[in-house]
Amino acid sequence: QVQLVESGGGLVQPGGSLRLSCAASGIIFTINDMGWYRQAPGKQRELVAFITKGGITNYADSVKGRCTISRDNAKNAVYLQMNSLKPEDTAVYYCTSEVKTSSRAQWPTNYWGQGTQVTVSS
């Protein structure tokens with residue numbers, strides 16, 4: 001019913017920048033929180049940042065000051081600007097969205113994208 005498609009990953013040198021994008025499509029009545037998670041090899045998936053529908057943001061301590069999350073409600077899209085990237089930022093990045101597909105839905109459903117690889121290496 002709802003698809004999330006990420007883009008913008010790639011290979012970047014330490015200190016570089018990347019901007020990840022994620023667009024939701026399908027049957028969407030409204031989207032509540034949107035966010036980004038990441039999973040490095042051999043590690044658990046962890047929250048990077050999230051943003052509420054009203055624009056309130058929260059960041060993992062490891063990315064505070066280096067990453068900015070934003071969203072475009074008209075486009076059902078969420079973005080993650082990452083600066084001063086470090087090798088430890090290397091991971092697959094997943095976007096997530098809490099979506100209501102109907103005005104009658106009591107609770108939103110959490111959807112995930114397929115992930116985009118970010119590799120920070122010289």
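Anything mentioned here points back to the structure above.
Figured I'd write up the structure that's included with this text. These figures come from a predicted structure and were not determined experimentally.

**Here we look at the packing of aromatic side chains**
- In the structure shown here, the tally under the stated rule is one aromatic pair.
- Above the face of the Tyr94 ring, Arg45 is positioned so that its terminal group lies 3.8 Å from the ring centre.
- The ring of Trp112 has Arg45 sitting right over it, with the charged end atom 4.8 Å from the ring centre.

**Structural notes on the sheet that holds strand β3 (residues 18-26)**
- Taken together, four strands build an open sheet; the order of strands is β1-β3-β8-β7 and the sheet is antiparallel. For this open sheet the edge positions go to β1 (2-7) and β7 (67-72), each flanked by a neighbour on one side alone. Ignoring strand direction, the axes of neighbouring strands in this sheet form an average angle of 15°.

**A few points about the state of the cysteines**
- Per the stated rule, a full pass over the model turns up one disulfide.
- Here Cys22 pairs with Cys95 through a disulfide, and the sulfurs are 1.9 Å apart. In this pair, Cys22 sits in strand β3 while Cys95 sits in strand β9 (residues 91-100), placing the two residues 73 residues apart along the sequence.
- Owing to a relative accessible area of 2%, Cys22 belongs among the buried residues under this scheme.
- For Cys95, a relative accessible area of 0% gives the class buried.
- There is no disulfide at Cys67, and the cysteine sulfur nearest it, in Cys95, is 15 Å away.
- Take Cys67: its relative accessible area is 6%, and that puts it in the buried class.

**Quick look at the nonpolar core**
- With 30 residues, the main nonpolar core has Trp36, Ile69, Val78, Leu80, Met82 and Tyr93 as its most contacted residues.
- Elements supplying a minimum of two residues to this core: β1, β3, β4 (30-39), β5 (46-51), β7, β8 (77-82), β9 and β11 (116-120).

**As for the side chain of Thr116**
- Along the chain, Thr116 falls in strand β11.
- For Thr116, a relative accessible area of 11% gives the class buried.
- Among all residues touching Thr116, those that are not within four sequence positions of it are Glu6, Gly9, Leu20, Ala91, Val92 and Tyr93.

**A few points about the environment of Pro41**
- Inspection of the secondary structure assignment puts Pro41 in the loop between β4 and β5.
- The exposure class of Pro41 is exposed, given its relative accessible area of 75%.
- Separated by 50 residues in the primary sequence, Pro41 and Ala91 have C-alpha atoms spaced 7.1 Å apart.

**With respect to the pattern of salt bridges**
- Applying the stated rule across the entire model yields four salt bridges.
- In this structure, the salt-bridge partner of Arg38 is Glu46, at a minimum N-O distance of 2.7 Å.
- For Glu46, a relative accessible area of 36% translates into the label partly exposed.
- Between Arg66 and Asp89 there is a salt bridge whose closest N-O contact spans 2.8 Å. Residue Arg66 is located in the loop between β6 (57-59) and β7, and its partner Asp89 is located in the loop between β8 and β9; the two are separated by 23 residues in the primary sequence.
- The exposure class of Arg66 is buried, given its relative accessible area of 11%.
- Ionic contacts of the salt-bridge type, sharing partners, join the residues Arg38, Glu46, Arg66 and Asp89 into one network.

Reading the values: rules and limits
Residues numbered from 1 in each chain as written. Predicted model: local features only at pLDDT ≥ 70, side-chain atom pairs only at ≥ 80, totals over all residues. Heavy atoms only, no water. Phe/Tyr/Trp six-rings, centres within 6.5 Å; stacked < 30°, edge-to-face > 60°. Lys NZ or Arg CZ within 6 Å of the ring centre and 35° of its normal. Pairing = 2+ DSSP bridges. Helix = DSSP H or I, 4+ residues; strand = E, 2+ residues; numbered from the N terminus. Axes fitted to C-alpha atoms, helices over the stretch in contact; angles between N-to-C directions. Disulfide = S-S within 2.5 Å. Buried < 20%, exposed > 50% of the residue type's maximum accessible area, 1.4 Å probe, protein only. Core = buried A, V, L, I, M, F, W, Y, C linked by side-chain atoms within 4.5 Å. Contact = heavy atoms within 4.5 Å. Salt bridge = Lys/Arg side-chain N within 4 Å of Asp/Glu carboxyl O.

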